[in-house]
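Next come the chains, spelled out residue by residue.
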Amino acid sequence: MKIIKAKDYQDMSRKAANIISAQVIMKPDCVLGLATGSTPIGAYENLVNWYQKGDLDFSGVTTVNLDEYKGLTRDNDQSYYYFMNEHLFSKVNVDPKRTFLPDGTEPDSAKACEDYNHVIESVGGVDLQLLGLGHNGHIGFNEPSDIFKAKTHCVDLTETTIQANKRFFASIDDVPRQAYTMGIQTIMQARKILVVVSGAEKAAIVKEAFFGPITPKVQASVLQLHHDVILVADEAALAELG
Ligand code: F6R
């Protein structure tokens, strides 16, 4: 694993965007695996900025997102589709027909997951997967568990995640209880993985995930087994590494 130390959130965002940008320049028809959450927002801002300056072209890019809440429509402002559209898709020249997320409106979980696995296979897998890191070590919505789940599956969100996400909803009752997420095997099959982490409150989990035992209790710990992982984190998030 390569660790790139950033000064602060802004610096982390620029460094992460540089890596994504290099991927798009080197392989204009690449498949980007994308994440939502607060951490990648600054990286997306940089990408939009560079696109507007004419330095980046997304016309050949395909995107597959990690996850989507079950039960939220695309026009719900808390859906991950809405988030991606707000922060990236509507602001660059990516072909909307080549931006994929699990279908949160599909009530049949087995079908939603099977369809999404098929999408990922049909685009040829992921070239560069962007990941944030949950406080409990989750990646995508792969929550602490006794096992690693391979493919796309429907998860019951943990209390910690529901609590962490409630800031985005009018009330805690509005936070969806389930989500569809890419599985660990699919994430691990990405040819390159870029993890972005910021802030002191993630320092303990950064240490546990990247230097602790590999265990499904800390799903991100499996990334230690991937051959090409780049962790871009700010000083606060790296503070416990010594
Ligand atoms: C988002 C996702 C989550 C987040 C994680 C960190 O698509 O799958 O795993 O990356 O919860 O979220 P933030 O960046 O808000 O701390």
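Residues numbered from 1 in each chain as written. Predicted model: local features only at pLDDT ≥ 70, side-chain atom pairs only at ≥ 80, totals over all residues. Heavy atoms only, no water.

**Some words on the pattern of salt bridges**
Logical step 1: Per the counting criterion, the structure on display carries nine salt bridges.
Logical step 2: One salt bridge connects Asp 127 with Lys 27, and the closest N-O pair in it is separated by 2.9 Å. Of this pair, Asp 127 sits in the loop between helix H4 (109-122) and strand S6 (128-131) while Lys 27 is found in the loop between helix H1 (9-26) and strand S2 (31-34), placing the two residues 100 residues apart along the sequence.
Logical step 3: We classify Asp 127 as buried; its relative accessible area is 6%. (Salt bridge = Lys/Arg side-chain N within 4 Å of Asp/Glu carboxyl O. Helix = DSSP H or I, 4+ residues; strand = E, 2+ residues; numbered from the N terminus. Buried < 20%, exposed > 50% of the residue type's maximum accessible area, 1.4 Å probe, protein only.)

**Some details on the pairing of strand S9 (residues 192-197)**
Logical step 1: Burial analysis of S9 places five of its six residues in the buried class, which makes it a mostly covered element.
Logical step 2: In this sheet, S9 lies alongside S6 in parallel orientation, the contact comprising four bridges. Looking at S9, one finds that Leu 131 is bridged to Val 195.
Logical step 3: As defined by bridge partners, S9 adjoins strand S10 (residues 229-234) across five bridges and the pair is classed as parallel. Looking at S10, one finds that Val 195 is bridged to Leu 231. (Pairing = 2+ DSSP bridges.)

**Here's the deal with the side chain of Gln 23**
Logical step 1: Structurally, Gln 23 can be placed in helix H1.
Logical step 2: Apart from residues no more than four positions distant in its own chain, Gln 23 is found in contact with Cys 30, Leu 32, Asp 127 and Leu 128. (Contact = heavy atoms within 4.5 Å.)

**As for the sheet that holds strand S7 (residues 153-156)**
Logical step 1: On the basis of which strands lie adjacent, the open sheet formed by three strands has the order S4-S8-S7 and antiparallel pairing. Two strands lie at the open edges of the sheet, namely strand S4 (67-69) and S7, each paired on one side alone. On average, each strand axis in the sheet is inclined to that of its neighbour by 25 degrees, with strand direction left out of account.
Logical step 2: Here S7 runs beside strand S8 (residues 178-181); their pairing, made up of four bridges, is antiparallel. Pairing of Cys 154 across the sheet is with Tyr 180, part of S8. (Axes fitted to C-alpha atoms, helices over the stretch in contact; angles between N-to-C directions.)

**Quick word on the nonpolar core**
Logical step 1: Core analysis: the largest hydrophobic core is formed by 42 residues, its most contacted members being Leu 32, Leu 47, Phe 58, Leu 88 and Leu 194.
Logical step 2: Of all the secondary structure elements, the ones that give two or more residues to this core are H1, S2, helix H2 (41-52), helix H3 (80-87), S6, S9 and S10.
Logical step 3: Counting residues per element, this core draws most heavily on H1, which supplies six residues.
Logical step 4: Residues contacting Leu 194, with those up to four places away along its chain left out, are Ala 16, Ile 19, Ile 20, Leu 128, Gln 129, Leu 130, Leu 131, Ile 230 and Val 232.
Logical step 5: Judged by nonpolar contacts, the second largest core, of 33 residues, contains Val 119, Phe 210, Val 218 and Leu 238. (Core = buried A, V, L, I, M, F, W, Y, C linked by side-chain atoms within 4.5 Å.)

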